[in-house]
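Chain by chain, the residues:
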Amino acid sequence: MRIATWNVNALTGERIERVLAWLDMARPHVLCLQETKVSDDAFPALDFHAHGYDSVHHGQGRWNGVAILSRVGLDDPVAGFADGGPPDPEARLVTATCGGVRVSSVYVPNGRAVGHEQYHHKLRWLARLRAHVLADVRPEGTGWLPDPDGPGGGLRAVCGDFNVAPEDIDLWDPAAFEGATHVTPEERAALAEVMATGLRDAFREQHPGAPKLFSWWDYRAGAFHKHQGMRIDLVLLSPRLADQARCALIDRNARKGRKPSDHAPVFVDVDLSAVSHGGDARG
DNA sequence: ATGGTCGCGCAGCGA
């Protein structure tokens, strides 16, 4: 199963054509999208269906908006947090079961500036994401068990734009980020708490220690051509999936040419035939 | 030279 994520920075006009062309080329089984910036009415579900993909979109109009596309089935969609708390007024999270894997597409708040109200909101939002991962257990055994080594632990993928660079090797120049968001110990700790549920950074595990593997580049100042970027788009996988990851790629080509998003798609290939069946997944 | 560019939507803010 090829599991992909892409912050498309608006799913309108020519960007739709770029996403459709990428689907035809890469043929991911699942693609998580962020920053669609369209209402549910304007989401091009029919275009995706014509290319073989079911979809669920959680949009709010001009800002945010997340979606999941799947060509291996798409069941039990949930918009937003499933932690029992109040609904998030922003459309930053959607979850569905695709081919036996419980998948979430996430768009973590940017944070704006260290110490800003939005920065604290970002930290709280990541804490809620952890709670969501633990709480969103589906009846078909595709959810999650708190003990990742327990029998039948659910298959889980949490993919998206985390707006956090996990390590300094995920930055083009760590010195350029002093005092900035995306790299603070607090943000990294909040991401680590999400991952402490058992989720693993499957892309990094395929490229241990490798620098300059970025998923986002500023539109300004020719940052892309100068290889000045960050890796903030992550594919987090539960242990039984991560153990069977075979290949992971960031498609820089999708950042080139006419009207690109400022993010490139990231994908991880998992050999589902090798995934262990750890016993009873809940009956 | 201390900026730069996008997106949305039509001013200026957010990323």
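Residues numbered from 1 in each chain as written. Chains lettered and ligands numbered in written order. Predicted model: local features only at pLDDT ≥ 70, side-chain atom pairs only at ≥ 80, totals over all residues. Heavy atoms only, no water.

Draft legend 1. Local environment of the overall build of chain A. For chain A, the count of helices and strands is six helices and 14 strands. The C-alpha radius of gyration of chain A comes to 17 Å, within 12% of the 19 Å expected for a compact globule of 283 residues. Along the first, second and third principal axes, the C-alpha set of chain A runs to 55 × 45 × 40 Å. In chain A, which comprises 283 residues, the share counted as buried stands at 54%. (Helix = DSSP H or I, 4+ residues; strand = E, 2+ residues; numbered from the N terminus. Rg over C-alpha atoms; globule rule 2.2 N^0.38 Å. Buried < 20%, exposed > 50% of the residue type's maximum accessible area, 1.4 Å probe, protein only.)

Draft legend 2. How the structure looks around the environment of Glu-186. Secondary-structure assignment places Glu-186 in helix 4 (residues 185-195). On the basis of relative accessibility, which here comes to 45%, the residue Glu-186 falls in the partly exposed class. Measuring from C-alpha to C-alpha, the distance between Glu-186 and Ala-157 comes to 23 Å, with 29 residues separating the pair along the chain. When neighbours within four sequence positions are excluded, Glu-186 is seen to be in contact with Tyr-119 and Leu-123. (Contact = heavy atoms within 4.5 Å.)

Draft legend 3. Examining the sheet that holds strand 4 (residues 66-70) more closely. Here six strands make up an open sheet; going across it, the order is 3-4-2-1-14-13 and the pairing mixed. Two strands close off the open sheet at either side, each with one partner strand: strand 3 (54-58) and strand 13 (245-250). Adjacent strand axes in the sheet meet at a mean angle of 10° when their direction is disregarded. The sheet strands contacting helix 1 (residues 14-26) are strand 1 (2-7), strand 2 (30-34), strand 4 and strand 14 (266-270), and the helix crosses strand 1 at an angle near 160°. (Pairing = 2+ DSSP bridges. Axes fitted to C-alpha atoms, helices over the stretch in contact; angles between N-to-C directions.)

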